[in-house]
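Residue-level structure breakdown
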Amino acid sequence: MRLGKSLKQNKITASFDVIVIGSGIGGLACAALLGKHAGKKVLVLERHYTAGGFTHTFTRKGFEWDVGVHYIGEVTHPKAQLRRVFDDISDGNIEWEDMGEVYDTIVIGDDRYDLVKGRDNFKRKLKEY
Ligand SMILES: Cc1cc2nc3c(=O)[nH]c(=O)nc-3n(C[C@H](O)[C@H](O)[C@H](O)COP(=O)(O)OP(=O)(O)OC[C@H]3O[C@@H](n4cnc5c(N)ncnc54)[C@H](O)[C@@H]3O)c2cc1C
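Since this is a predicted model, take the numbers as computed values, not measurements.

Structural notes on the overall build of the protein
For the protein, the count of helices and strands is three helices and six strands. Along the chain direction, N to C, the helices and strands of the protein fall in the order β-α-β-β-β-α-β-β-α. Taken along its principal axes, the extent of the C-alpha atoms in the protein is 60 × 40 × 20 Å. A buried classification covers 15% of the 129 residues belonging to the protein. When the accessible surface of the protein is totalled, it reaches about 10500 Å², and 54% of it is carbon and sulfur.

A word on unusual backbone geometry
One non-glycine residue, Lys-61, adopts positive backbone phi at about 50°. Secondary-structure assignment places Lys-61 in the loop between strand E3 (57–60) and strand E4 (63–66). Phi is positive for Glu-74, which is not a glycine, with a value near 70°. With respect to the helices and strands, Glu-74 occurs in the loop between E4 and helix H2 (81–90). Judged by its relative accessible area of 51%, Glu-74 falls in the exposed class.

Overview of the layout of surface pockets
What the largest pocket holds in volume is close to 1300 Å³. Sorting the residues of the lining of the largest pocket by element identifies helix H1 (25–37), E4, H2 and helix H3 (119–128) as the ones contributing at least two each. Residue composition of the lining of the largest pocket, grouped by class: 21 nonpolar, 13 polar and seven charged. Each pocket or cavity is described by its volume, and for the second largest pocket that value is around 520 Å³.

Criteria and thresholds
- Residues numbered from 1 in each chain as written.
- Predicted model: local features only at pLDDT ≥ 70, side-chain atom pairs only at ≥ 80, totals over all residues.
- Heavy atoms only, no water.
- Helix = DSSP H or I, 4+ residues; strand = E, 2+ residues; numbered from the N terminus.
- Buried < 20%, exposed > 50% of the residue type's maximum accessible area, 1.4 Å probe, protein only.
- Areas by Shrake-Rupley, 256 points an atom, 1.4 Å probe, with all protein chains shown as cover.
- 1 Å grid on protein atoms, 1.4 Å probe; cavity = no way out; pocket = protein on both sides within 12 Å on 5 of 7 lines; lining within 4 Å.
- Points joined across faces, edges and corners; volume = space filled by probe spheres on them.
- Nonpolar A, V, L, I, M, F, W, Y, C, P; charged D, E, K, R; others polar.

Laid out in structure tokens, this is it:
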């Protein structure tokens, strides 16, 4: 998905209270919070051809790839700090999918190491391995 307008094709004539350099999740979150809660007029400048930093995706031969972020911890808990930030910025419109008991697997040769949900489970598994 390609987001944003090219600066070369859209000259800036308006003035802004805040300029955020970089449209990664950090820059976009700051920009959204400054706009929403501090009433600031914010400009986000990004040097890449699309916004999002490590959250953006690209397509090759009909497949979509993520460049970085593919899962985020704790967001299925409504009271977790990160979840509350996402809920605030999106007015509760982001829906999160549970990753299941095993959220990632590391494969080294013939050995498989499952990364499992929950702090205690995770510790127990690491000790097992
Ligand atoms: C391969 C990989 C996988 C990852 N997987 C996960 C994961 O699954 N879950 C997770 O929680 N985290 C993951 N991370 C970490 C996560 O991606 C980062 O912590 C997070 O995205 C950083 O966000 P950010 O806003 O700080 O920076 P970035 O996302 O790096 O954004 C910075 C932006 O600023 C732009 N920029 C920089 N300099 C300038 C400039 N001078 N002018 C204009 N623009 C500029 C860059 O082009 C970029 O778009 C992963 C990271 C990598 C590399």
